[in-house]
Amino acid sequence: MLRWSAPLLCLVVLLGCAKPDLPATTVRAGSTEELAAFRADLGQDFSPAQLASIDTALQELQLAGMDRGLASAAARAAAMRETVHGKTVRAVEILGWQARRTRLLSEITQMSATLDADLKTRERLGAATALTVTNRIQNVQDILVKLRRLLAETEQQLGAWDAPPAV
């Protein structure tokens with residue numbers, strides 16, 4: 001009997017030391033304090049790099065509140081907490097990164113319209129185009145490059161999770 005109890009005790013100790021499964025962890029966000037405690041608990045078990053996608057997702061879900069007409073930061077934070085509370089980390093990541101995709105697509109559409117208008121102005125005015133328009137064209141082109149890169153990274157991450165398109 002003693003021969004079996006030592007290996008069994010070692011197994012129990014090893015299982016007790018195992019890290020939790022981050023994607024399957026249930027998010028606790030019933031209040032601001034509970035979400036802060038949940039995030040602090042995660043920070044004890046996982047590195048900042050491992051938590052980057054959940055942090056991004058939470059931030060994106062708060063930003064999405066602006067599109068829903070939530071004017072105050074507190075209202076956006078409350079809506080985000082209500083959305084994520086009780087879901088798994090992976091489900092929250094997917095929701096947040098889908099919101100990121102939606103935001104990036106919207107920003108690309110808006111910036112593309114600005115660029116098109118400025119390019120038409122430059123075409124119409126030629127050499128008489130104001131320097132501010134010329135500078136804005138360059139700035140918007142640079143921003144669009146960055147937004148498209150971020151969108152590609154977002155699509156890649158969602159694809160790695162086999163996430164369905166946002167509804």
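Report on the accompanying structure. These numbers come from a predicted model, not from an experiment.

1. Details of the overall build of the protein chain
Regarding its fold elements, the protein chain presents 6 helices and 0 strands. Scanning the protein chain from its N terminus toward the C terminus, one meets helices and strands in the order α-α-α-α-α-α. The burial tally for the protein chain puts 31% of its 167 residues in the buried class. By sequence separation, contacts in the protein chain at least 24 residues apart represent 72% of the contacts at least 6 residues apart. Summed over its atoms, the accessible surface of the protein chain is roughly 10600 Å², and 61% of this surface lies on carbon and sulfur atoms.

2. Thoughts on unusual backbone geometry
One non-glycine residue, aspartate 162, lies in the positive phi region at around 55 degrees. On the secondary structure map, aspartate 162 appears in the segment after helix 6 (131–160).

3. Some words on the pattern of salt bridges
Taken as a whole, this structure holds 9 salt bridges when the rule is applied. The partner of aspartate 41 in a salt bridge is arginine 28, with the nearest N and O atoms 2.7 Å apart. Placement of the pair is aspartate 41 in helix 2 (residues 32–45) and arginine 28 in the loop between helix 1 (2–17) and helix 2, with a sequence separation of 13 residues. The partly exposed category is assigned to aspartate 41, whose relative accessible area is 36%. Judged by its relative accessible area of 30%, arginine 28 is partly exposed. As a salt-bridge pair, arginine 90 and glutamate 93 come within 2.7 Å of each other at their nearest N and O atoms. On the criterion of helical spacing, the pair formed by arginine 90 and glutamate 93 is a turn pair, its members being 3 residues apart in helix 5 (residues 89–125). Among the charged side chains, a network of salt bridges with common partners joins Glu60, Arg100, Arg103 and Glu107.

4. Digging into the packing of aromatic side chains
Applying the stated criterion across every chain yields a total of 1 aromatic pair. Here the aromatic rings of tryptophan 97 and tryptophan 161 are separated by 6.0 Å at their centres, their planes lie at 90 degrees, and the arrangement is edge-to-face. Of the two residues, tryptophan 97 is situated in helix 5 and tryptophan 161 in the segment after helix 6; the sequence distance between them amounts to 64 residues. Taken as a pair, tryptophan 97 and tryptophan 161 share a single burial class, namely buried.

5. Looking at the side chain of aspartate 118
Structurally, aspartate 118 can be placed in helix 5. Reaching out from aspartate 118, the side chain makes a polar contact with the side chain of arginine 136 at a distance of 2.6 Å. Residues within four places of aspartate 118 in sequence aside, it is in contact with Val133, Arg136 and Ile137.

Thresholds, definitions, all that
Residues numbered from 1 in each chain as written. Predicted model: local features only at pLDDT ≥ 70, side-chain atom pairs only at ≥ 80, totals over all residues. Heavy atoms only, no water. Helix = DSSP H or I, 4+ residues; strand = E, 2+ residues; numbered from the N terminus. Buried < 20%, exposed > 50% of the residue type's maximum accessible area, 1.4 Å probe, protein only. Contact = heavy atoms within 4.5 Å. Areas by Shrake-Rupley, 256 points an atom, 1.4 Å probe, with all protein chains shown as cover. Salt bridge = Lys/Arg side-chain N within 4 Å of Asp/Glu carboxyl O. Phe/Tyr/Trp six-rings, centres within 6.5 Å; stacked < 30°, edge-to-face > 60°. Polar contact = N/O pair within 3.5 Å; in protein donor to acceptor, adjacent residues only side chain to side chain.

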